[in-house]
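Each chain, letter by letter, is given below.
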Amino acid sequence: MSMPPLASGPDGPKALRPLLDTVLDALAAGARARGGPLPAGGPDAVAARVADALGDVLPDDGDPDALRALVQALAEGAADPADPLCAAHLHCPPLAVATAADLAASALNPSLDSWDQAPAASALEAQVNRALAHHIGLVDALFTTGGTESNQLALLLAREAHGGSVRLVCGANAHHSLPRAAWLLGLPDPVVVPAPGGTLDPAALDAALTTLPGPLLVAATAGTTDAGLIDPLPEIARLCAAHGARLHIDAAYGAGLAFSDRHRDKLAGLDAAHTVTLDLHKLGWQPAAVGLLAVARPGELAVLHQRADYLNADDDTEAGLPDLLGRSLRTTRRPDVLKTAVTLRTLGRHGLGALVDQVCAHAEEFAALVRAHPGFELYDRPVISTVLFRPVAADDDAVAAVRRRLLHEGRAVLGRARLDGRLWLKATLLNPHTRPDELAQLLKLVEGTTPP
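Residues numbered from 1 in each chain as written. Predicted model: local features only at pLDDT ≥ 70, side-chain atom pairs only at ≥ 80, totals over all residues. Heavy atoms only, no water.

*Asks:* Even after reading the chapter, I still don't get helix 5 (residues 119-135), so can you show me in this structure?
*Replies:* In an α-helix there are 3.6 residues to a turn, and that puts residues three or four apart on one side. Compared with the 24 Å implied by 1.5 Å per residue over 17 residues, the 25 Å span of helix 5 between its first and last C-alpha is a close match. Residues Ala121, Ser122, Glu125, Val128, Asn129, Leu132 and Ala133 constitute the buried set of helix 5. The arc that holds the buried residues of helix 5, viewed along the axis, is 135 degrees, so those residues lie on one side. Structural note: helix 5 exposes Ala120 and Gln127 on the side pointing more than 90 degrees away from its buried face. Buried residues along helix 5 sit against strand 2 (140-144), strand 8 (291-295) and helix 12 (337-372). Trailing helix 5 by a residue or two, glycine 137 shows a phi angle of about 90 degrees, which is positive. (Helix = DSSP H or I, 4+ residues; strand = E, 2+ residues; numbered from the N terminus. Expected span 1.5 Å × (residues − 1). Buried < 20%, exposed > 50% of the residue type's maximum accessible area, 1.4 Å probe, protein only. Arc of directions from axis to C-beta. Contact = heavy atoms within 4.5 Å.)

The structure is reproduced here in structure tokens:
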């Protein structure tokens, strides 16, 4: 048996080139077979097709056609975020240039747990971290796997800054990862403040901060996952300063607005936070996963430091080798910074800002279509790129059934959100290439599946 080739080393590019052709052909074939934004038939049908393509997971003898067969099966069974009718979640279509850079990261396979495994990647990450943090008014940042890890890190830093205990105060609109992080870290049950209309109520927050014993961490949201709403950040920041509370802002969705001259004012108050969560696999068009936690006081990161002689021995550190173990809760860590750096340099702030402006404009266009249609009700004008709507005559069960029917038939992917005690269909528009006629088609598909 001949030894399989490696992706890196002198012969790596030669070995990869024909495999890339196989992958690209399989992606195209899978998309043609799918024929829409997601596979038809529902979970059982998809699982059966995958099982048929997979066969024996670990056969005695290998199959040289496995790459083509499984990539094609995955593509045929994918929910394609680049399809304009796939608009349910904060699930962006990745940029081609970022995806190409991600291939290089996979081929080189640096691991950012010690400098001798990632010399250039560690230097690149440090510089990109600082640049992105400065762009939103903070000082430094850490790469994470996304909002869940970033929010957990924010609570950990707050706990350690307050001697091992802090209580989370968050809105009823807060992301589920925040109370989960409090549970994981052994913190008291969070205090949940009302969020009428989907945003945190400052008066209720003021009352809570007045009566609760400290230390307290207030978590505000810039871009809720249900409606894309932004809490009143300047007022929340003033209340935190007045009451001596620490402020974390979960801007996993909304932080991308900072690239846009037209929309960045919606993030006023972000620079008052102690920590900020941001995800570039949302309004950054990166292949998952690219999250960051930005910090205002980089010295607080010292609590993450660990010593492992095989990775950061004292004499190596004293000799000038960078110590990377205090830059993450993870040990082995891939260089997600490469695709991010390539994107930032290739598009620049104006290029990324134009993409943000485009998807926000699409949301306004779609909201206008809903508003003008007598058969639909619009929740409110979109703040970012999420639009909530529902058929006028449908009850909640019918709204849920409309969504599931479109999913089962493979015709459209819409999300769901419950606000003001009612269920809404959710369109999250993250494809900057979407055309006006495709927005109209999305609404027409929903109209065609609405019960009379």
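*Asks:* Explain a nonpolar patch on the surface here, please?
*Replies:* Taken together, the side chains of Leu54, Val57, Leu58 and Leu70 make up a nonpolar region of the molecular surface, amounting to roughly 410 Å² of accessible area. Following the sequence through the fold, leucine 54 ends up in helix 2 (residues 42-54). Among the residues examined, leucine 54 registers a relative accessible area of 37% and is labelled partly exposed. (Patch = residues over 30% accessible without salt bridge, like charges linked within 9 Å, V, L, I, M, F, W, Y side chains within 5 Å. Areas by Shrake-Rupley, 256 points an atom, 1.4 Å probe, with all protein chains shown as cover. Salt bridge = Lys/Arg side-chain N within 4 Å of Asp/Glu carboxyl O.)

*Asks:* I'm lost on the nonpolar core in this one. Help?
*Replies:* Grouped burial of nonpolar side chains is what soluble globular proteins tend to show. Leu205, Val218, Leu247, Ile249, Val276 and Trp285 are the most contacted members of the largest nonpolar core, which has 58 residues in total. Tallying contributions element by element places helix 12 first for this core, with seven residues. Membership of the second largest hydrophobic core comes to 27 residues, among which are Phe376, Val387, Ala398 and Leu443. (Core = buried A, V, L, I, M, F, W, Y, C linked by side-chain atoms within 4.5 Å.)

*Asks:* Teacher, can you tell me more about the side chain of arginine 390 here?
*Replies:* By secondary structure assignment, the location of arginine 390 is in strand 10 (residues 386-391). Judged by its relative accessible area of 3%, arginine 390 is buried. At a separation of 2.6 Å, a polar atom in the side chain of arginine 390 contacts the main-chain carbonyl oxygen of alanine 394. There is a polar contact of 3.0 Å between the side chain of arginine 390 and the side chain of aspartate 396. Beyond its immediate chain neighbours, meaning those up to four positions away, arginine 390 contacts Gly375, Phe376, Glu377, Asp395, Asp396, Val399, Arg422, Leu423 and Trp424. (Polar contact = N/O pair within 3.5 Å; in protein donor to acceptor, adjacent residues only side chain to side chain.)

*Asks:* I would appreciate a short explanation of empty space enclosed by the protein in the present structure.
*Replies:* Taking a probe equal in size to a water molecule and rolling it over the atoms shows the remaining empty space. This model, assessed by the stated rule, comprises five cavities of 30 Å³ or more. Around the largest cavity sit Pro81, Asp83, Pro84, Cys86, Ala87, His91, His362, Thr428, Leu429, Leu430, Asn431 and Thr434, which together line it. Of the residues in the lining of the largest cavity, the class split is six nonpolar, five polar and one charged. (1 Å grid on protein atoms, 1.4 Å probe; cavity = no way out; pocket = protein on both sides within 12 Å on 5 of 7 lines; lining within 4 Å. Points joined across faces, edges and corners; volume = space filled by probe spheres on them. Nonpolar A, V, L, I, M, F, W, Y, C, P; charged D, E, K, R; others polar.)

*Asks:* Whenever I open this one, the layout of surface pockets confuses me. Can you help?
*Replies:* The calculated volume of the largest pocket comes to roughly 880 Å³. If you go around the largest pocket, you meet 23 residues; those closest to its centre are Val23, Leu24, Leu27, Pro94 and Thr99. If you list the elements that add at least two residues to the lining of the largest pocket, you get helix 1 (12-34), helix 3 (66-76) and helix 4 (96-108). Of the residues forming the lining of the largest pocket, the biggest block, six residues, is contributed by helix 1. Across the lining of the largest pocket, the residue classes break down as 19 nonpolar, one polar and three charged. Mapped onto the lining of the second largest pocket, the elements with two or more residues apiece are helix 1 and helix 3. In terms of residue count, the dominant contributor to the lining of the second largest pocket is helix 3 (three residues).

*Asks:* Explain the sheet that holds strand 9 (residues 376-378) to me, please; I cannot follow it from the model alone.
*Replies:* Strand pairing in a sheet takes place through backbone hydrogen bonds and is either antiparallel or parallel in direction. Taking strand neighbours across the sheet as the criterion, the five strands line up as 1-11-12-10-9 in an open arrangement whose pairing is mixed. Only two strands of the sheet have a single partner each, and these edge strands are strand 1 (86-87) and strand 9. Pairing geometry for strand 10 and strand 12 (residues 422-428), over four bridges, is antiparallel. Among the inter-strand pairings, valine 387 is bridged to a residue of strand 12, identified as alanine 427. Sheet strands in contact with helix 12 are strand 9, strand 10 and strand 12, and its direction is about 15 degrees off that of strand 10. Strand contacts of helix 14 (residues 436-449): strand 9, strand 10, strand 11 (413-419) and strand 12, with the helix running at about 125 degrees to strand 9, the strand carrying the most contacts. (Pairing = 2+ DSSP bridges. Axes fitted to C-alpha atoms, helices over the stretch in contact; angles between N-to-C directions.)

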